[in-house]
Amino acid sequence: TWAGQHPIPPGSTIHMAGGVYRHPDRSWDSPGFAIALQGRDGQLITIRPLRGERVTIDSKVEIKPQSHHICLQDLEITIAETAAWDRRVSSGGLAIDGTADLPQGGLNILGGSDSQFLNLVIHTMPSGVGFWRPAINATMSGCLIYDIGTIGPDRYHGPGIYTQNETGVKCIADNILFGIYSTTIQAYGSKNASVNGFKITGNIAFAPVKEGARQRFLIGGGKPSKDITVSQNTLFEIPLQIGYTAPFNEDAVVRDNLVVGADIGISNFRNVDRSGNLELQANEAANAARPADVRIRPLAHSPGRAHIAVCNWQRSPTVPIDLGSVLPIGADYRIVSAIDYFGEALISGQYDGGSIDLPVPSEPRTGKGSFCAFVLISSAAAP
């Protein structure tokens with residue numbers, strides 16, 4: 001049921017009217033808005049905004065263990081209080097001076113097998129995404145996850161995505177993550193928790209909060225891992241680490257990743273394909289002879305939508321971008337900066353083929369001027 005009042009049959013779509021939905025329970029351990037819906041194979045239950053409207057959920061969202069075959073799409077999830085404090089907390093979630101019990105926030109996926117979490121904007125809160133073991137064969141794709149984390153008395157907390165998996169495949173694809181206080185993506189478990197069956201592809205990550213020195217992409221734990229694919233990710237000043245303390249791991253494919261200003265580490269795997277990776281310095285002088293490195297990732301679940309990463313070594317005011325792999329001739333489009341997703345378009349128009357000259361902000365979030373991420377949106381992707 002939705003709000004415990006009406007049955008929601010498989011195959012239904014729940015369209016939410018635009019506006020802010022604020023949960024009244026602001027305590028640290030509140031589940032916030034809880035979802036316990038059950039679709040069927042080929043008949044997802046979808047929750048999304050009405051066309052053209054912005055839905056902001058000011059709360060944690062928790063997917064209950066009994067959920068199956070659901071889709072959350074195009075929703076914004078945030079915590080309003082986070083913008084007004086300095087992120088310093090005690091271990092219990094209180095502000096350091098003990099004056100406020102701060103909402104934890106986040107998307108906590110306790111169930112949701114065979115489900116999809118698409119084009120969500122998850123930002124400005126203590127906790128990011130918890131994507132846990134019972135969510136079997138589930139996909140998180142096309143999401144923007146940013147400004148996540150807190151500063152505790154012991155260390156910086158708040159991974160962008162914290163995940164584990166035992167059976168089936170979890171797909172974490174084509175998300176953009178930045179401004180994360182702790183591990184950017186943390187597929188991690190102790191010797192009793194499984195980190196198996198991950199397909200982590202096409203993600204873009206940059207602008208870590210470096211003070212905590214915890215910004216890595218980590219896939220591995222204390223228990224041996226298997227069936228790991230990490231490919232075509234673009235990481236700017238974020239290390240890629242495959243394998244942790246397990247004495248051995250089975251197999252991994254680590255291919256075609258671009259890592260700038262950091263390194264790729266792979267440890268204790270019996271079988272590894274690590275071809276096609278590129279490691280570059282984050283030094284514009286060292287890359288002065290290189291043209292801009294551009295990666296365009298069309299989103300398979302949203303025709304006409306793509307994420308774009310640009311290493312603009314020359315600091316050119318514009319960079320040529322070929323949109324032919326994403327848009328048909330005549331399609332309308334707009335491109336926004338990932339760090340200002342709800343702001344004005346940097347460029348818009350009707351695609352007439354070939355390359356366009358994408359304006360590149362002179363002071364992007366990295367503070368270096370050489371890396372930017374963008375979102376291309378076309379009406380071809382509208383529901």
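The rules behind these values
Residues numbered from 1 in each chain as written. Predicted model: local features only at pLDDT ≥ 70, side-chain atom pairs only at ≥ 80, totals over all residues. Heavy atoms only, no water. Disulfide = S-S within 2.5 Å. Buried < 20%, exposed > 50% of the residue type's maximum accessible area, 1.4 Å probe, protein only. Phe/Tyr/Trp six-rings, centres within 6.5 Å; stacked < 30°, edge-to-face > 60°. Helix = DSSP H or I, 4+ residues; strand = E, 2+ residues; numbered from the N terminus. Lys NZ or Arg CZ within 6 Å of the ring centre and 35° of its normal. Pairing = 2+ DSSP bridges. Axes fitted to C-alpha atoms, helices over the stretch in contact; angles between N-to-C directions. Core = buried A, V, L, I, M, F, W, Y, C linked by side-chain atoms within 4.5 Å. Contact = heavy atoms within 4.5 Å. Polar contact = N/O pair within 3.5 Å; in protein donor to acceptor, adjacent residues only side chain to side chain.

A. Layout of the state of the cysteines. Tallied over the entire structure, the rule returns zero disulfides. Of all cysteine sulfurs in the structure, the one in C71 sits closest to C143, which takes part in no disulfide; the separation is 9.8 Å. For C143, a relative accessible area of 0% corresponds to the buried category. The cysteine C372 is free of any disulfide, with C311 supplying the nearest cysteine sulfur at 9.2 Å. Using a relative accessible area of 4% as the deciding quantity, one classes C372 as buried.

B. Broad picture of the packing of aromatic side chains. Applying the stated criterion to the full structure yields nine aromatic pairs. Where Y156 meets Y181, the ring centres are 6.0 Å apart and the plane angle is 25°; that geometry is what we call stacked. One end of the pair, Y156, is in strand β16 (residues 156-157); the other, Y181, is in the loop between β19 (176-180) and β20 (185-187), and 25 residues separate them in sequence. Of the two residues, Y156 and Y181, neither departs from the other in class, the shared state being buried. Between F206 and F371 the ring centres are 5.3 Å apart and the planes differ by 50°, which places this aromatic pair in the tilted class. Residue F206 is located in strand β22 (residues 204-206), and its partner F371 is located in strand β38 (residues 371-377); the two are separated by 165 residues in the primary sequence. Exposure remark for F206: the relative accessible area of 3% places this residue in the buried category. The class of F371 is buried, set by a relative accessible area of 1%. Counting every residue linked through ring pairs, the aromatic cluster contains Y146, F178, F206, F236 and F371. For R270, the ring lying beneath its charged end belongs to F248, and the centroid distance is 4.0 Å.

C. Examining the sheet that holds β22 more closely. Sheet architecture is open: 10 strands sit in the order β2-β5-β8-β11-β14-β19-β22-β25-β28-β31, paired in parallel fashion. Looking at the sheet topology across the chains shown, the edges are occupied by β2 (19-22) and β31 (278-280). On average, each strand axis in the sheet is tilted by 10° relative to the strand beside it, whichever way the strands run. Judged from the four bridges that link them, strand β14 (residues 144-148) and β19 form a sheet pairing that is parallel. Opposite I148, over in β19, you have I180 as the bridge partner.

D. Looking closely at the nonpolar core. With 54 residues, the main nonpolar core has L72, L107, F131, M140, I145, I219 and L240 as its most contacted residues. Not counting residues within four places of it along the chain, the set of residues in contact with I219 comprises A187, V195, I200, I228, V230, L240, Q241, I242 and G243. Formed by 23 residues, the second largest nonpolar core is a distinct cluster that contains V121, A207, C311 and V375.

E. Representation of the side chain of S225 in the model. Relative to the assigned elements, S225 resides in the loop between β23 (217-219) and β24 (228-231). Separated by 2.8 Å, the side chain of S225 and the backbone oxygen of V195 make a polar contact.

F. Quick look at the environment of L323. Looking at the element boundaries, L323 is found in the loop between β34 (318-322) and β35 (332-337). Judged by relative accessible area, L323 falls into the buried class, the value being 0%. Leave out the neighbours within four places in its chain, and L323 touches Y333, Y351, G354, I356 and L376.

G. Focus on the environment of Q350. Its place among the elements puts Q350 in strand β36 (residues 347-350). Residues Q350 and P328, spaced 22 residues apart in sequence, show a C-alpha to C-alpha distance of 9.9 Å. Residues in contact with Q350, not counting those within four places in the same chain, are G330, A331, D332 and Y333. Looking at Q350, its side chain comes within polar contact range of the main-chain oxygen of G330, at 3.0 Å.

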